[in-house]
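Coordinates in review
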Amino acid sequence: MKFPLSWLKDHLETDADVQTIADKLTAIGLEVETVEDAGARVKDFVVAYVISADKHPNADRLHLCSVDVGGKEPVQVVCGAPNARAGIKVVFARPGTVIPVSGETLKIGTIRGVESRGMMCSGRELLISDDHDGIIELPDDAVVGAPAATALGLTDPVIDISFTPNRGDCTSVWGVARDLAAAGLGKLKTPKVEPVAGKFPSPKTITLNFAGKPACPFFAGRVIKGVKNGPSPVWVQDRLKAIGLRPINALVDVTNLISHDRGRPLHVFDADKLSGNVQARLAHDGEKLLALDGKTYTLDSEMCVIADDTAAQSIGGVMGGEDTGSSETTTTVFVESAWFEPVSVAATGRKLQLMSDARYRFERGVDPEFVVPGLELATKLILEWCGGEPSDIVVAGEVPAWKREIAFAPGTVERIGGLKIEKERIVEILTHLGFSVAENGTALKVSPPSWRSDIDGAADLVEEVVRIYGLEHVPSAPMTRPNAIARPVLTSSQKRRRLVRRALAARGFNEAVTYSFIPRAHAALFGGGDDARQLENPIAAEMDALRPSPLPSLLAAAARNQARGFTDLQLFEIGAAFQSGLPGGQQTFAAGIRVGAGVRSWTKAAHPADAFDVKADVLTALETAMGSPMTAPIKAKAPAWYHPGRSGTLALGPKVLAVFGELHPSVVAAFDLTGPVAAFELILDAIPDSKTKKTSFSPSPYQAVERDFAFVVNASVSADEVVKAAKAAERALIETVAIFDVYEGKGVPDGKKSLAITVRLQPKDKTLTDTEIEAVGQKIVMAVAKATGGTLRA
Amino acid sequence: MTDISALERQILDTIASAADEAGLETVRVSALGKKGAISDLLKSLGGMSPDEKKVNGPAFNGLRDRVQKAIAAKKLELEAAALNARLASERVDITLPVRPEAAGTVHPVSQVFDEVVAIFADLGFAVAEGPDVEFDDYNFTKLNIPPDHPARQMHDTFYVAKQADGSQHVLRTHTSPVQVRTMLNQKPPIRIISPGRTYRVDSDATHSPMFHQYEGLVVDEVTHLGHLKWVLEEFYKAFFEVTHVELRARPSYFPFTEPSLEWDIRCDRSGGQIKFGTGNDWLEVAGSGMVNPRVLENCGIDSGKYQGFAFGGGIDRLAMLKYGIPDIRSFFESDLRWLKAYGFAALDIPTLDGGLSR
């Protein structure tokens, strides 16, 4: 909310300067966004008098002026303005003054051979108007040598504060002044509202027509006849303009003025356009109303309206209707001052997507005791500005109950606020804020004022006390350490995430953080994109689906990077993958991509990203997370977005830990990527807690032996089967089995392949003899033959 | 005698002039081989008289020993030369680059997350987490933000589509629902921080529709505003790695705290870079307050007995301030150049003993 300092001073008697006031406002919780002080910008400029203005000896269009700037001697100034002439008062810049429009410091200059010791300024040069056709001419009564700001009327800084939603009481200059006065920054001097006696009974009656709890429990109004509408007084128009409102006419301006001055929204109907009497009621479903913003709103039966005998004429507490608004020809008005339930106004405004100054105030809670005074004040101003004759006031309903008592132990301030304040000071602060405070044994009985609907408990009172006393006085208090030496706090899943992140970074991946919402078409490629995972109000149409995996966003990121000329990429992200639109329907994935044909190097052929790269990534990540070797079997299948023949799944029983492989070419194409692309998705939540503990270890003193075998097997036999069979041949002796060669081609029959393994035998109790080694070799050959049909390669 | 001297000189000359090991071997065979000159001499000793033996024995043996030594020495010399020649031939251009290895990085958000956790863990704060898709009840209502509360307007909430069961959920607008979940499931004393992704329908130069928050919650029987101030002071000192910070509290409003405060930190932005603990600027860094008794009650905690504080700030924002990153939106663009410039090495693990940053 904006207000000029002069307006504040209508309510607050204070000598404080604008900066002090701004600092105090922020300190008590009314945060100052800006202080616009046009006067400060021109503080170095003075009023000067042009004694003479002659033609410049060397230039037709320039004047050579002699100017009285309040010093002993007149000053010689060269000026090009067409209106420069003797006898006018001007805004003068001495050498050394910074000119706002250019930001440059004015110097003594020589113009066409004549010295000029200053400058007479245009409105544009001072950034106070767009006028640059000539220099500013000040009023005759401007004092020569005095600051020009005063003569320019720029002494009134405008303060803009932002409210927190609880402070409905401060949505007016009066309310702001009240808080400042309580904080000790002056004395509240808001004039009391005097009632205006009615001259005749109101020809309009008011009824509150609600079946249940009334959305409008209290409504006051009166008719004023014989008004003459027109522009409001200039000072009112200036004020409204200063806070960014457009003056309309006196009858509208009066409501805007009182709304901002007192926080009391009002509405003025053209009484001649109302048929019959006035009532507050809920709208009929589908009832339509053309509002003052020119839009037609369709109402429903939860919205409160002010209606006449025929139809709704105003959306209660939100906006008046166009048909019954006041105009230049209005002569009889009905002034409405009502109190609407905040929740009802908020709901109506939200449903209609309609914000207004009235709604802003009503939904934050306006003072229920200022309904009738607000009406009296409006009456007074209308009579002053437009003339006319007021009726008696008619009232329906009752002032909504607002009185309540809060038991408040003064010690609560210290217990909650950590601030030791004397009871007397606490009482004083609350009293200044308008609370009534009574002693009640050891506790206090505190009643908030009618305008503080936000106060509902002791904690609120603590806040009131500490904010006015000053938060800067709260001393730091060390917290206890629960344990002298801190204990670990991370859960196993948090530790896993951290380990996997750094393991992947160590493998050359750059960690990305991408949006959780992606284009629906992308989601659909990865098993998502269904209705349940759509956002109702996406920030952009192409960011409308909760991602089923981080992969699509990583692929999109890779495409953007490729467009910048980075063809080979390793990106990963650890983040949510959404399996549904329900809370808890998400899993934490570590997903990564390797993109590109490989970095070219003089040392070796470029290595395109392939399934075995990401298999290694997955295994490293899993083993890092678990702290033990990964023994889960790998199945040669993966979801549809992977290459069907170059992908795999790692699962513990039915629980999938990871899928990986080269991406399906059609997916790569959908992202406009230059492939190949290999990817993995590790489901971190599925990784079991690590149970491995270090056990005692005694190395065997006996010689280990390695023997190689090459088997010819059917091409469809997996390496895993051969290794497994070999291992099982003599578990007590065989330490490892490793594949070191795979060959298909010449020398191996069609449909077959050669798999070469090296087996390491580690005896534990004696050195192996040749015969024993030979025997194990036989067992291995037989085991592999039995399991896979493979034969030893000749 | 002269014969022997001449023979020795001749053999030693030949050894000296041997060009390689093969040449040397020829010399050895001709001198010391079965039919070599020296072997012949030694063999001739057998036919000599004891007196002749007495004279010639030592002379012949001495000759043999000297020649053997000379051959051995020459052999070493030739081997060294051969090795040197091989090494010379094996020279590589050591300025050639190494085999390509990608250098990975950790995102600043993750790094700062780890830094924040390291600090609060030392004070006994556990790390609590919750889902991104959240119940309206946990995101708002339990936090004292009923459906028509004006504070909901401040939240610019993303809504997930209506579900098959008729329910509708939100993308959490803050990590405070994690506080709710914690209080519903754990009895005081509670000390947690809840870092995570949050969402608001807001996008401009200083706002991203997705961002990261960290929040702290303490609930026990004694904790008050003074403790909150202390924790924040200690946190910012540790986080910004400075010996002194100055915080300023401003009264504010959050429905879930009462009193509510926002905190500014004293800083100096004059040099183009931001410095903390000095200067004349103030920068907003956190929202906070004492947990509203209504929130405690909503979560089944006796507000007559327990009290505590909550605070929160942006992780992205902390990263921007500490590491001089200008634009929040750049965090989520995954520009490789950005990731490399602002990312951290895998082994840059923030610790309190080693320091949070290098």
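1. As for the domain arrangement of chain B
The parts lose accessible area when they come together, and the size of an interface is often stated as this lost area. Split into domains, chain B comes out as domain 1 (2–89) and domain 2 (110–342). The C-alpha-based centres of domain 1 of chain B and domain 2 of chain B are spaced at 91 Å.

2. Overview of the domain arrangement of chain A
Residue and element names in this part refer to chain A. Each assigned domain of chain A is listed with its residue range as follows: domain 1 (2–37 + 157–188), domain 2 (40–151), domain 3 (206–397), domain 4 (406–473), domain 5 (492–686) and domain 6 (705–792). In this structure, domain 1 and domain 3 have C-alpha centres spaced 27 Å apart. If you look at the interface, domain 1 gives 12 residues, while domain 3 gives 13 residues. Those elements that place two or more of their residues in the side of domain 1 that touches domain 3 are strand S1 (2–4) and helix H5 (173–182). Of the residues in the side of domain 1 that touches domain 3, the class split is seven nonpolar, four polar and one charged.

3. Thoughts on the sheet that holds strand S27 (residues 406–408) of chain A
Each strand in a sheet pairs with its neighbour through backbone hydrogen bonds, running either in the same direction (parallel) or in the opposite one (antiparallel). Residue and element names in this part refer to chain A. As summarised here, the arrangement of the three strands in space is S27-S29-S28, forming an open sheet in which the pairing is antiparallel. Both outer strands of the open sheet, S27 and strand S28 (436–440), are each paired with one neighbouring strand and no more. Between one strand and the next, the sheet's axes are offset by a mean angle of 30°, whatever the strand orientation.

4. Digging into helix H20 (residues 770–788) of chain A
All names here are of chain A. Compared with the 27 Å implied by 1.5 Å per residue over 19 residues, the 27 Å span of H20 between its first and last C-alpha is a close match. Within H20, burial applies to Val776, Ile780, Val784 and Thr788. Taken down its axis, H20 places every buried residue within 70° of arc, on the same side. Looking at H20, the residues exposed on the side facing more than 90 degrees away from the buried face are Thr771, Glu774, Gln778, Met782 and Lys786. Immediately beyond the C-terminal end of H20, within one or two residues, lies glycine 789, with a positive phi of roughly 75°.

5. A closer look at the environment of A:Ile28
Note on placement: A:Ile28 falls in the loop between helix H2 (18–27) and strand S3 (31–36). A tally of 23 C-beta atoms within 10 Å means that A:Ile28 is categorised as buried. Residue contacts for A:Ile28: discarding those within four places in its chain leaves A:Asp179, A:Ala183, A:Arg467, A:Ile468 and B:Pro251.

6. Let's talk about the sheet that holds strand S36 (residues 642–652) of chain A
All names here are of chain A. If you walk across this open sheet you meet the seven strands as S30-S33-S34-S38-S37-S36-S35, and the pairing is mixed. At either margin of the open sheet sits one strand with a lone partner, and together these are strand S30 (510–511) and strand S35 (634–635). The pairing of S35 with S36 spans two bridges and is antiparallel. Directly across from lysine 635, in S36, lies its bridge partner threonine 649. Relative to strand S34 (residues 586–595), helix H16 (residues 551–563) is tilted by about 30°, and along the sheet it contacts strand S33 (569–578), S34 and strand S38 (677–683).

7. Some points on the interface of chain B and chain A
With 72 residues of chain B at the contact, the number on the chain A side is 81 residues. Listing elements by their share of the side of chain B that touches chain A, those giving two or more residues are helix H5 (108–122), strand S1 (126–127), strand S2 (133–135), strand S3 (158–159), helix H8 (225–240), strand S7 (247–254), strand S8 (257–268) and helix H11 (336–342) of chain B. The dominant element in the side of chain B that touches chain A, judged by the number of residues it contributes, is H8(B), at seven residues. Along the lines of polarity and charge, the residues of the side of chain B that touches chain A split into 41 nonpolar, 17 polar and 14 charged.

Quick notes on the rules
Residues numbered from 1 in each chain as written. Chains lettered and ligands numbered in written order. Predicted model: local features only at pLDDT ≥ 70, side-chain atom pairs only at ≥ 80, totals over all residues. Domains from an automatic or database assignment. Contact = placed C-beta atoms within 7 Å. Helix = DSSP H or I, 4+ residues; strand = E, 2+ residues; numbered from the N terminus. Nonpolar A, V, L, I, M, F, W, Y, C, P; charged D, E, K, R; others polar. Pairing = 2+ DSSP bridges. Axes fitted to C-alpha atoms, helices over the stretch in contact; angles between N-to-C directions. Expected span 1.5 Å × (residues − 1). Buried ≥ 20, exposed ≤ 12 C-beta atoms within 10 Å, placed from the backbone. Arc of directions from axis to C-beta.

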